[in-house]
Amino acid sequence: MPITMAEDIQTTATNLNETEPEGERSWLVFEYIYEIPSSVRKGLASVLDRSNKWYDLGTKQMGFTDVELDNLKQCCTINNRSTGAALLEKWANYNHSPTELFIVLSREKLYECMDLMKQYVDPRYHVLIKPLANRAPARPPQQPSLNEPVADSTSKLLNGEPPPANEPRRSSEAAGNANDDNPFANEITDVSQTPRMTYAELTKATDNWSERHILGKGGFGTVYLGVFKHTYMAIKRIDQSKIKTSAAGRLQMEQSFNELRFLNACRHDNIVPVFGFSVDKEPCIVYQYMAGGSLDKSLFARRAVSTLTWKERMNIACGTARGLQYLHTFGEKPFIHGDIKPGNILLTESKQPRIGDFGLTRQGAAEDSATVISRVYGTRPYIPKEFYDRKVLSTKVDTYSFGVVLYEIATGLRAWDERRLDKHLKDFMTRAVHEKVLIADLMDKRAAKDRNGALYCYYMLLHGHACTADDPSKRPDMVTVMKHLENVFRGSDKLVNVSSRLCAEFTHYASF
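Computed from a prediction, not measured in an experiment: that's the story for all the values here. (Residues numbered from 1 in each chain as written. Predicted model: local features only at pLDDT ≥ 70, side-chain atom pairs only at ≥ 80, totals over all residues. Heavy atoms only, no water.)

## Observations regarding the overall build of the chain
- When you go through the chain residue by residue, the secondary structure sums to 21 helices and 11 strands.
- Burial statistics for the chain: of 512 residues in total, 52% are counted as buried.
- Considering only residue pairs separated by 6 or more positions, the chain has 69% of its internal contacts joining residues 24 or more positions apart.
- Accessible surface for the chain amounts to roughly 25300 Å². Of this, 49% is attributable to carbon and sulfur atoms. (Helix = DSSP H or I, 4+ residues; strand = E, 2+ residues; numbered from the N terminus. Buried < 20%, exposed > 50% of the residue type's maximum accessible area, 1.4 Å probe, protein only. Contact = heavy atoms within 4.5 Å. Areas by Shrake-Rupley, 256 points an atom, 1.4 Å probe, with all protein chains shown as cover.)

What follows is the structure, given as structure tokens:
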């Protein structure tokens, strides 16, 4: 997932060495990209499409994978839509600001785009725009010749030199020596209870980091399928060069160690287990391999191997709620995941859910009192208003995100869809309640008919409605949600068919 750039902005502002002019601001203040007027966003998209720079911008600066952008391009081709607009919308969903967009545009020398949006950025950053006289003349996009090397943000990662044959043995002495000059020595101390693995062992487990073993790619590394001690594992290898040269890369590394700390502390049947890590050469984190892939893939893949049954969907909802309530209650202070969405809910081969990606997890305040933080993070369609408007953080942020996920599981609709009248699924469901839509009309039609299907759909939508209440105090805690869902799942034979019931009944959440 693309990460926040707060550190990059702070560094850039410091390097500009200018103070903000006194008096009234001369630029329009927008906190998020999606607040910029649509006419300006269309202009930006037009330039990105015309210059064919959208792909480089997405992979090199925004942290998206080649697979993600290839899928985006395919969808845009099918729907006759601008790829530049789709890219900007995708990045905006991660709560990026106009200033962050301005900075990544400057790195790709997209000065025409910067000219279009400079009125929405602090004038101190305008020095990043190169004067017209000094800009290289625009050239039409060309296909690379057969004799020219093609620039690829992942080529170094996939085609690097093989690891040395004589890796140090795993021992306390070797670990101590490895830490002497290790830039992550402090973080290693924090996760000392997590098993250490050598880079040589992981290289062997992945058949020398073979492309055939790649499960997915991110802006700062690649996840491989490996076999270690006759056990399948998912091994995330982080590109060391990007960490050293990028503030965003360093932040990604901090998030990786943050994930290690939380996963080591939180061991539960519905949380992805971490098996170990390595920092001998390039940093690696080793997780349990989840053969079922992500919930996102199971719900939305165009060519899914098999569609989830209603029983599987209800079981996934119960298991995810069980994992979340554990995070919120097992310590004196709750752990708040901060990025609950289908992409971060992984499935075993038997479709048992495990919550993953703890890079944005934070510890909340005692007794779960709300805390005001300095930076919004997460994925926008899953974030409640009190968090992205006022930066108020509590476990009810996770509850809201889980409610949106329940909507997605029940309807098969995405949390955000540009083509939908109500782009946010939460708004779509609010309208459905107001218009008294039938449950049967909202059910995911791709799921095979099941005698309990309408029942499970009804209660997932009911709890989704409660969890996404605008007032966080009105949202139930995750222990309550878990108990309610499990009671329905266990007692489904005793409950009546609800396919003809109305969404309007969701206002009576506590009555069932």
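On we go.
## Overview of the packing of helix 3 (residues 54-61) against helix 5 (residues 83-92)
- For the pair helix 3 and helix 5, interaxial distance at closest approach is 9 Å and the crossing angle is 25 degrees. With respect to helix 5, the element helix 3 is oriented roughly parallel. You can see that helix 3 and helix 5 cross each other, and the crossing is left-handed. Across the interface between the two elements, Trp54, Leu57 and Gly58 from helix 3 touch Thr83, Gly84 and Leu87 from helix 5. (Axes fitted to C-alpha atoms, helices over the stretch in contact; angles between N-to-C directions. Parallel < 35°, antiparallel > 145°, perpendicular 65-115°, else oblique. Left-handed = near helix turned anticlockwise from the far one by under 90°.)

## Some points on unusual backbone geometry
- For histidine 230, which is not glycine, the phi dihedral falls at a positive 60 degrees.
- One can find histidine 230 in the loop between strand 2 (221-228) and strand 3 (231-238).
- Non-glycine residue aspartate 357 carries a positive phi angle of around 55 degrees.
- Following the sequence through the fold, aspartate 357 ends up in the loop between strand 8 (353-355) and strand 9 (362-363).
- Classification of aspartate 357 by relative accessible area gives partly exposed; the value is 31%.

## Some thoughts on the confidence of the model for the chain
- On average, residues of the chain carry a pLDDT of 79, and 74% of them reach 70 or more.
- Under a pLDDT of 50 for its full length, residues 6-11 has, in the predicted model, 12 contacts with residues more than four places off or in other chains.
- Scored below 50 in pLDDT, residues 138-180 makes 47 contacts in the model with residues more than four places away or belonging to other chains. (pLDDT = per-residue confidence, 0-100.)

## Some remarks on the pairing of strand 3
- Within strand 3, six of the eight residues are buried, leaving the element largely enclosed by the surrounding structure.
- As paired strands, strand 2 and strand 3 are joined by eight bridges and run antiparallel to one another. Opposite threonine 222, over in strand 3, you have arginine 237 as the bridge partner.
- Where strand 2 folds back on strand 3, the antiparallel hairpin that results is connected by two residues, among which lysine 229 adopts a positive phi of roughly 55 degrees.
- As paired strands, strand 3 and strand 5 (residues 284-288) are joined by five bridges and run antiparallel to one another. When the bridges of strand 5 are listed, methionine 233 appears paired with glutamine 288. (Pairing = 2+ DSSP bridges.)

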